[in-house]
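# Observations on the three-dimensional arrangement
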Amino acid sequence: MDRAAEQCLTLSQGLLTLRGWIQPSRSSVDNSAGVIAFCLVCKEGYLLILFLFSICQELPKYLRGYHACTKEEAIQNAAFLYRVKFGDDKSQFVHIPKMLKDLVPRDMVRTMSSEEWKKSIVAVCNRHTGKTEDEVKLAFLKQLSRLATFGSAFFEVKQTSESSFPDIVRIAINKQGVTLINPQTKAALVTHPFNKISNWCSGSTYFHMSVGNLVRGGKLLCETSLGYKMDDLLTSYVRAYQATVKQKPARHLA
């Protein structure tokens, strides 16, 4: 597995390289290695994190249906993906119904007939001609970056701690924190930001995480074979979060 390269850039203090965000280790469910992350701290002191993923890293997660997107967004993205493959060549339009699995999230393919998908995708393609392959790739990534779960590592686990949640949930770990998602509806059930996560541990068959404190807190108990990966990733994110917090200038009373 490739190593992730993360760099944290502050406008006031120069370049800080964050090492070991994603450890070289066993394979993950979505292969999140290879990401280039730039952490930008604005001069006002607010942290902005911009993840620029290569198209080969983000595309599989998109086509597996991990992200929640509208039909209009799916059509736009499908047109981008067609253009990446074939440029301005319109001779392949006729084959779009047979290539939907490479253009549309798998859980959305049946929301329209193959001919309806073709008609909609062709209409968008015809509005966006003359762009280079790199320009189309950037447009696709820009579109994906608007999705709430863009840049996430996803893990499907069995949770045993919250009776109101489904037994099987999808956990997304990203710059916002740890989010539990209903895999059927793709609705976010709860998000735990890094500053609320107090402890976590993992083993070969589990991942446990504590949120809050002893007075007001709770636990997330998961059964998964990828607990070690979740542990490593969460540790890296929390360390990066703590590093950025320490860099914020102290406020002095007048």
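Residues numbered from 1 in each chain as written. Predicted model: local features only at pLDDT ≥ 70, side-chain atom pairs only at ≥ 80, totals over all residues. Heavy atoms only, no water.

### What to know about the sheet that holds strand β6 (residues 168–174)
The strand order β8-β7-β6-β5-β11-β10-β9 describes an open sheet built from seven strands, whose pairing is antiparallel. With one partner strand each, in any of the chains shown, β8 (188–192) and β9 (197–202) form the two edges of the open sheet. Pairwise comparison of adjacent strand axes, ignoring direction, gives a mean angle of 30° for this sheet. In this structure, β6 lies alongside strand β7 (residues 177–181), joined through five bridges in antiparallel fashion. Note that in β7 the partner of R170 across the bridge is I181. Strands β5 (153–159), β6, β7, β9 and β10 (206–212) of the sheet are contacted by helix α5 (residues 227–247), whose axis makes an angle of about 150° with β9. (Pairing = 2+ DSSP bridges. Helix = DSSP H or I, 4+ residues; strand = E, 2+ residues; numbered from the N terminus. Axes fitted to C-alpha atoms, helices over the stretch in contact; angles between N-to-C directions. Contact = heavy atoms within 4.5 Å.)

### Overview of the packing of helix α2 (residues 71–86) against helix α3 (residues 114–127)
Two numbers describe how α2 lies on α3: the axes approach to 8 Å, and their chain directions differ by 65°. What the angle tells us is that α2 and α3 run roughly perpendicular. In this structure, α2 crosses over α3, and the sense of that crossing is right-handed. Residues K71, A74, I75, Q76, A78, A79, Y82 and R83 of α2 touch α3, and the partners they reach there are W117, S120, I121, V124 and C125. Of the residues assigned to the contact of α2 with α3, the class counts are nine nonpolar, two polar and two charged. (Parallel < 35°, antiparallel > 145°, perpendicular 65-115°, else oblique. Left-handed = near helix turned anticlockwise from the far one by under 90°. Nonpolar A, V, L, I, M, F, W, Y, C, P; charged D, E, K, R; others polar.)

### A word on the environment of G177
If you trace the backbone, G177 turns up in strand β7. The spatial distance from the C-alpha of G177 to the C-alpha of P193 is 4.3 Å, given a sequence separation of 16 residues. When near neighbours in sequence (up to four residues on either side) are disregarded, G177 contacts A172, H192, P193 and F194.

### Observations regarding the side chain of Q159
On the secondary structure map, Q159 appears in strand β5. Engagement of the side chain of Q159 in a polar contact is seen with the backbone oxygen of E162, the distance being 2.8 Å. Excluding residues that lie within four positions of it along the chain, Q159 makes contacts with F165, P166, D167, V169, L220, L221 and C222. (Polar contact = N/O pair within 3.5 Å; in protein donor to acceptor, adjacent residues only side chain to side chain.)

### Comments concerning the packing of α2 against helix α4 (residues 133–144)
Between α2 and α4, whose axes approach to 9 Å, the crossing angle comes to 155°. Comparing the axis directions of α2 and α4 gives the class roughly antiparallel. At the point where α2 passes α4, the crossing takes the left-handed sense. Facing α2, whose interface residues are E73, Q76, N77, F80, L81, R83 and V84, α4 presents E133, V136, K137, A139, F140, Q143 and L144. For the contact of α2 with α4, the class distribution of residues is seven nonpolar, three polar and four charged.

### Looking at unusual backbone geometry
The backbone phi angle of K186 is positive, close to 65°, even though this residue is not glycine. In this fold, K186 is placed in the loop between β7 and β8. Look at K186 and you get buried, because its relative accessible area is 15%. (Buried < 20%, exposed > 50% of the residue type's maximum accessible area, 1.4 Å probe, protein only.)

### Considerations on the pattern of salt bridges
For the structure shown, the criterion picks out six salt bridges. Between E58 and K61 there is a salt bridge; the shortest N-O distance is 2.9 Å. Of this pair, E58 and K61 both sit in helix α1 (residues 55–63), separated by three residues, roughly a single helical turn. Between E133 and K137 there is a salt bridge, with its nearest N and O atoms 3.2 Å apart. Separated by four residues within a single helix, E133 and K137 lie in helix α4, roughly one turn from each other. (Salt bridge = Lys/Arg side-chain N within 4 Å of Asp/Glu carboxyl O.)

None of the figures reported here should be taken as evidence of function without further support.
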